[in-house]
Protein chains: 10
Amino acid sequence: MTKDDVAAMVLAAKKKSGMTWEGLAETLGMSPVWTHAACMGMVSMPEEQARTLVRTCDLPEEAVSVLAECPTKTWDQTVPTDPCIYRLYEIMGVYGASMKALIHEKFGDGIMSAIDFEMYVNRKQDPKGDRVEVVMSGKFLPYRTW
Amino acid sequence: MTKDDVAAMVLAAKKKSGMTWEGLAETLGMSPVWTHAACMGMVSMPEEQARTLVRTCDLPEEAVSVLAECPTKTWDQTVPTDPCIYRLYEIMGVYGASMKALIHEKFGDGIMSAIDFEMYVNRKQDPKGDRVEVVMSGKFLPYRTW
Amino acid sequence: MTKDDVAAMVLAAKKKSGMTWEGLAETLGMSPVWTHAACMGMVSMPEEQARTLVRTCDLPEEAVSVLAECPTKTWDQTVPTDPCIYRLYEIMGVYGASMKALIHEKFGDGIMSAIDFEMYVNRKQDPKGDRVEVVMSGKFLPYRTW
Amino acid sequence: MTKDDVAAMVLAAKKKSGMTWEGLAETLGMSPVWTHAACMGMVSMPEEQARTLVRTCDLPEEAVSVLAECPTKTWDQTVPTDPCIYRLYEIMGVYGASMKALIHEKFGDGIMSAIDFEMYVNRKQDPKGDRVEVVMSGKFLPYRTW
Amino acid sequence: MTKDDVAAMVLAAKKKSGMTWEGLAETLGMSPVWTHAACMGMVSMPEEQARTLVRTCDLPEEAVSVLAECPTKTWDQTVPTDPCIYRLYEIMGVYGASMKALIHEKFGDGIMSAIDFEMYVNRKQDPKGDRVEVVMSGKFLPYRTW
Amino acid sequence: MTKDDVAAMVLAAKKKSGMTWEGLAETLGMSPVWTHAACMGMVSMPEEQARTLVRTCDLPEEAVSVLAECPTKTWDQTVPTDPCIYRLYEIMGVYGASMKALIHEKFGDGIMSAIDFEMYVNRKQDPKGDRVEVVMSGKFLPYRTW
Amino acid sequence: MTKDDVAAMVLAAKKKSGMTWEGLAETLGMSPVWTHAACMGMVSMPEEQARTLVRTCDLPEEAVSVLAECPTKTWDQTVPTDPCIYRLYEIMGVYGASMKALIHEKFGDGIMSAIDFEMYVNRKQDPKGDRVEVVMSGKFLPYRTW
Amino acid sequence: MTKDDVAAMVLAAKKKSGMTWEGLAETLGMSPVWTHAACMGMVSMPEEQARTLVRTCDLPEEAVSVLAECPTKTWDQTVPTDPCIYRLYEIMGVYGASMKALIHEKFGDGIMSAIDFEMYVNRKQDPKGDRVEVVMSGKFLPYRTW
Amino acid sequence: MTKDDVAAMVLAAKKKSGMTWEGLAETLGMSPVWTHAACMGMVSMPEEQARTLVRTCDLPEEAVSVLAECPTKTWDQTVPTDPCIYRLYEIMGVYGASMKALIHEKFGDGIMSAIDFEMYVNRKQDPKGDRVEVVMSGKFLPYRTW
Amino acid sequence: MTKDDVAAMVLAAKKKSGMTWEGLAETLGMSPVWTHAACMGMVSMPEEQARTLVRTCDLPEEAVSVLAECPTKTWDQTVPTDPCIYRLYEIMGVYGASMKALIHEKFGDGIMSAIDFEMYVNRKQDPKGDRVEVVMSGKFLPYRTW
């Protein structure tokens, strides 16, 4: 049983039960982005949440240890073609250097961690058309000198 | 005079005067990410802001029309090596599919616009180490059927 | 059942019945380009049209929800070799910058949307040899400043 | 004197005189897309139009023969990053196979020529926001059998 | 049944019967290069020739319509490694610009069509070692101005 | 003085004198394709022809030894974008495997040499539009076994 | 004055004075790997060390602020050809997965930081031939769940 | 039976028995990095250790000769996306030139061997957060002159 | 039955019988490099040797014609990662231009044939460690002028 | 003064004096391949030979230390197009796996060193056309186990 097998089982259970990612996330007591990523096998899920998920989606017991394994995160290194994801890369291409400049201005030399990190996707009502809001938060890590 | 020439002049003026991007943005009455991107030539700057910038940074008059031109936005299509920018791409690689799933769950088939779009970089105090917060907001565009 | 499965079923039904894409499009009350793209799984099909398609092509009921799913649009990022499609890319290579210049001249800084978009392929009679006419129409999106 | 030199001279003359591409095209008695492409050196310009251009933009006499030379058309083979041009490639990625299917349905095996070809960019008024209309027309070329 | 299936059946029939490509081409009343390309599925075969091929090679009736379909021509875009084919690419690398210069000198701006095109491979006796002769013939297509 | 310098001088002399490649080739007693390739520095030119060329084009004496040097032949390994040259690569993509099959059928295992090789570009009159004829001839080289 | 300019000045000063990287590092009170990387502009140098360096190498005063700037770290993303550096990449290719497995076995899911990181290169005497010893030390960062 | 088959059997046995790589390495009398690499098929395992492994993990007898075979070491030549492994490549990108400079300073022209090579991964306790320590040791090989 | 099938059968027979490539080559009366390449399907094997191989390895009769077919030689065009093969490419990278310079100095403009070519791998005893000796011999082919 | 500067000076001196690489190698008491590679800056030259070279070619004194520096060896990682060098890569593609198999058969697991390595290019007379002989010799390095 691989993380891909478990992901397929979660998707099937979700379709059958009509649950949403938001609902599933609430059941686990976690956020929706993290919940989706952990169910799809991109991040490891602590045993406690894995047990809840197995119960909620009626997965086989073995799925607990599979969900808890440290994944080897792989993705296509060419920029994705799907327009919904491509736009996110376009934003990085247009504004990446500006983000770097502002991080250095506010914090000094270092980076925003992608490990000690969290992220939210929200819907904001707007009379001219609703807007997608994405919020990221990562710990600032300063460079060590030695 | 090209957008690169103007960018170099702005950087020199900024270094000499000790202004920050935040300060410059305030003078223009715009946000810091947009201000940096427009000064670096990645987005076009409306004439009004361009005039203020020319006054503030003591740029030659011709810079107004150069800042206002529609740029040809180019960037390296390989994922950047700079660790501060790379982490942003890593986040897209790990969580991109999750963002897509949640956008579709909340809005239906469509995308977050990267054109009708804005973005902020903030510093959040945290006892375990301050955090970088990035907030993006883009209009949702549904697919047309015809 | 995946979008690829449904695409294969549509192609088989189309071959057996002798329908054309134009005819199928008329039955759905939609345009031929959109109809082909939706049947092949490149765009999502609203439930109403999906129901008509399922009836017309005698597809299993489950196909309705599969056709309605938001697809992950993927294509090969290298320029295609098929001469019929390659010529379209060659046109973009030769005239792409000219199109950009004229869009900016007529509209200002912004883009033609590929989401709020439609397209037609027509046959134009011509004594020196008939001609292929392609018409595209996309909403103009101006850049937001903030 | 190269085609790039002439392109730079045309751009400078155009900026100075305030002419538009549409206006320049009218002076030459040609279409705007072709006029831009020929001025930028992407296509060769017949001597008659070249002479008019030289007169209109006050270019040196030698520019006539440079404009008339057969260019070596080169462009970057990776998909361009500029959002205005990228959207055109995205359209080809999403709808390219549909265009091919419809060309074959209407004409048989063959291609739309990119050589015996013309193209227009128009602005269409629309209460929900004006639209960019692109019209392409190319001779259909059937495959020879031998 | 796909074009690849038919290609495999033709190869098997050819091996069993000991026919050559030259012999098969004569039976179809076509040239050997075209015959090989059509049997391998790279070009579409008119119904008349397809019927003869089906009779000669004892293929199932359905193969006629498969042979007649418009193929999607795909090939590897990296230069092939097989030495026999690589040499042809090397020739294009060394002499391609010379061919272009001579085509323009003899015809003006335009191209040799690869659609209205035919090609022959011959064996020429030579006391110092026999030679391979390749003859290509394509219609000249002049660029349209508009 | 490099081969590129000499190529530029030949082009300038040719433009000034109004010579064609065909005429230049006749003066050297060689073929036009070879003459162009040697003048452009893609193949080395024997001293005798180099002396004639230097006399005809009024080049400096040193050009003789530069023309005679063994060149390092380099070209871009991505398929060229220029439509006139691209079509030649497309022909290799569509018919390359057919050429290989026929060479093996007529000669056995081996290749057409690209070194002991010659090539001609001709104009063939045709009532439906003149045709470009390309003729290549290369020695067959059988594989050695040892 | 750029970081590349300063790097060139340090190399020239080092050559003239006969200093080694080890000696220079000692003067700065830092380690040799960090000293080399900071002098070459790959990492930012705190003002204190920058002042000492400027004094030791007799650099212009402006170099202090240049050395202290946050660099944009760029390197070629293809694996380097230089054999001394290539071997380090080969080691990652052969043993990378083993390092990942052992880090997870000893620490759980997370990574070795490349920011809170230090590294040493030592010479170890060995009767069969001296050995290069490389020691890396990076803080372990566990994945955040949210 | 291939090296991949044996690797899968070892992983299954390890999971079932609860052994760690450290424990398995101790049983073989070898180091953990080498043990993992040899079990995964990246390096060949001498017969003696292979016999012990077969006994410990209860593998079929044939596994001994498979483990002892010389592997063809292959890995993806693009930089890996998994963050734990990516950081190691980032370190090479940032500090690779510094390592080369120090190796030449300490040893002269030559390289650290990746063949006569060994490597260790350790956990170092640290009040600010434990650290990963990686130690590599490779024989220095000077360039031969001849 | 393909060349890959035959290669697998030869490898199995070789493993079972304990033959070496040197021994097999002797049986065929050919050299070891050629024998390995022909058994693996990279070069075509004349019928006589194919018959001997079929007898020696107890292969099915059909293998004779498969071994005799002209192969399509394909290999990965990225430089291989296996260290044993990579070193050969590194040698070409470091000394390739030197080999070209010496071939031209000794023979004039032309190449070493890779078709009329043979190669040997020998073990040379050496007190400081035995050495691998590789000997290649290819016919010199001068460029044709025409 | 860089290694490229020195290479240019050596080439100029060689042209002027009419020396060959073989002659220059003899003067230095070294082999021709190494001499060419060292003069072109691909390998470092010991001081003694560098002094002789400086005397023979009448180079400035500073060239001695430049020739002695450890070079950063770089080459294009795409397979070269020059036919004389390409054939060497083709040989590696066709026979690389055979060389690996024979090295392992004769020596066990390990590689031929490209550092402790030497190489010769010879002309062998042959009635059917002279042959290029290339001889490589590299120390065998067995893999370390630990």
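Residues numbered from 1 in each chain as written. Chains lettered and ligands numbered in written order. Predicted model: local features only at pLDDT ≥ 70, side-chain atom pairs only at ≥ 80, totals over all residues. Heavy atoms only, no water.

Considerations on the UniProt feature "domain: Cyanate lyase C-terminal" (unreviewed entry) in chain A
Piece 1. This chain's UniProt record puts "domain: Cyanate lyase C-terminal" (unreviewed entry) on residues 74-146 of chain A.
Piece 2. Taken end to end, residues 74-146 of chain A comprises 34% helix and 37% strand; its first and last C-alpha atoms sit 32 Å apart. (UniProt positions renumbered as here; feature names shortened; annotations may be inferred. Helix = DSSP H or I, 4+ residues; strand = E, 2+ residues; numbered from the N terminus.)

Concerning the interface of chain J and chain I
Piece 1. Contacts between the two partners involve 66 residues from chain J, matched on the other side by 66 residues from chain I.
Piece 2. Taking both partners together, chain J and chain I bury about 6,500 Å²; carbon and sulfur atoms supply 69% of that area.
Piece 3. Sorting the residues of chain J by area buried against chain I places Lys106, Arg131 and Val132 of chain J first, and these three jointly supply 11% of that buried surface.
Piece 4. The tally of links between chain J and chain I comes to 6 salt bridges.
Piece 5. One salt bridge connects Lys100 of chain J with Asp82 of chain I, and the closest N-O pair in it is separated by 3.1 Å.
Piece 6. Scanning the region where chain J abuts chain I turns up 28 residue pairs in polar contact (both at pLDDT 80 or more). (Contact = heavy atoms within 4.5 Å. Buried area = accessible area lost by both parts, 1.4 Å probe. Salt bridge = Lys/Arg side-chain N within 4 Å of Asp/Glu carboxyl O. Polar contact = N/O pair within 3.5 Å; in protein donor to acceptor, adjacent residues only side chain to side chain.)

Things to note about the arrangement of the chains
Piece 1. Spatially, chain A is disjoint from chain F: no contact exists, and the shortest C-alpha separation is 18 Å.
Piece 2. Taking C-alpha atoms only, the smallest gap left between chain B and chain I, which are not in contact, amounts to 18 Å.

Side note on the relation of the copies chain A and chain B
Piece 1. Overlaying chain A on chain B yields an RMSD of 0.0 Å, the required transformation being a rotation through 180° with an accompanying axial translation of 0.0 Å. Both copies are brought into coincidence by an operation consistent with a two-fold rotation axis. No C-alpha of chain A approaches the rotation axis more nearly than that of Val135 of chain A, which lies at 2.3 Å.
Piece 2. The residues that chain A uses at the interface reappear at the interface of chain B in 100% of cases, marking a shared surface. (Least-squares fit on C-alpha atoms with pLDDT ≥ 70 in both.)

Some details on helix α1 (residues 3-17) of chain H
Piece 1. When the terminal C-alpha atoms of α1 of chain H are compared, their 21 Å separation across 15 residues agrees well with the 21 Å that a helix rising 1.5 Å per residue should span.
Piece 2. Among the residues making up α1 of chain H, those that are buried are Lys3, Val6, Ala7, Val10, Ala13 and Lys14 of chain H. Down the axis, α1 of chain H shows its buried residues gathered within 130° of arc, on one side only. Of the residues in α1 of chain H, the exposed ones pointing more than 90 degrees away from the buried face are Asp4, Lys15 and Lys16 of chain H.
Piece 3. Elements in contact with the buried residues of α1 of chain H: α6 (83-107) of chain G together with α2 (21-28), α3 (32-39), α4 (47-57) and α5 (63-68) of chain H. (Expected span 1.5 Å × (residues − 1). Buried < 20%, exposed > 50% of the residue type's maximum accessible area, 1.4 Å probe, protein only. Arc of directions from axis to C-beta.)

With respect to the sheet that holds strand β1 (residues 110-124) of chain D
Hydrogen bonds between backbone groups are what pair the strands of a sheet, and the pairing can be parallel or antiparallel.
Piece 1. Taken together, the 4 strands give an open sheet; going across it, the order is β1(C)-β2(C)-β2(D)-β1(D), and neighbouring strands pair in antiparallel fashion. Both outer strands of the open sheet, β1 (110-124) of chain C together with β1 of chain D, are each paired with one neighbouring strand and no more. Strand-to-strand twist of the sheet, defined as the mean angle between neighbouring strand axes without regard to direction, takes the value 20°.
Piece 2. The sheet contact formed by β1 of chain C and strand β2 (residues 131-142) of chain C spans 11 bridges and is antiparallel. (Pairing = 2+ DSSP bridges. Axes fitted to C-alpha atoms, helices over the stretch in contact; angles between N-to-C directions.)

Concerning the packing of aromatic side chains
Piece 1. Taken as a whole and assessed by the stated rule, the structure comprises 50 aromatic pairs over all chains.
Piece 2. Put simply, the rings of Tyr95 of chain A, Phe117 of chain B together with Trp146 of chain C touch in pairs and so form one group of aromatic residues. (Phe/Tyr/Trp six-rings, centres within 6.5 Å; stacked < 30°, edge-to-face > 60°.)

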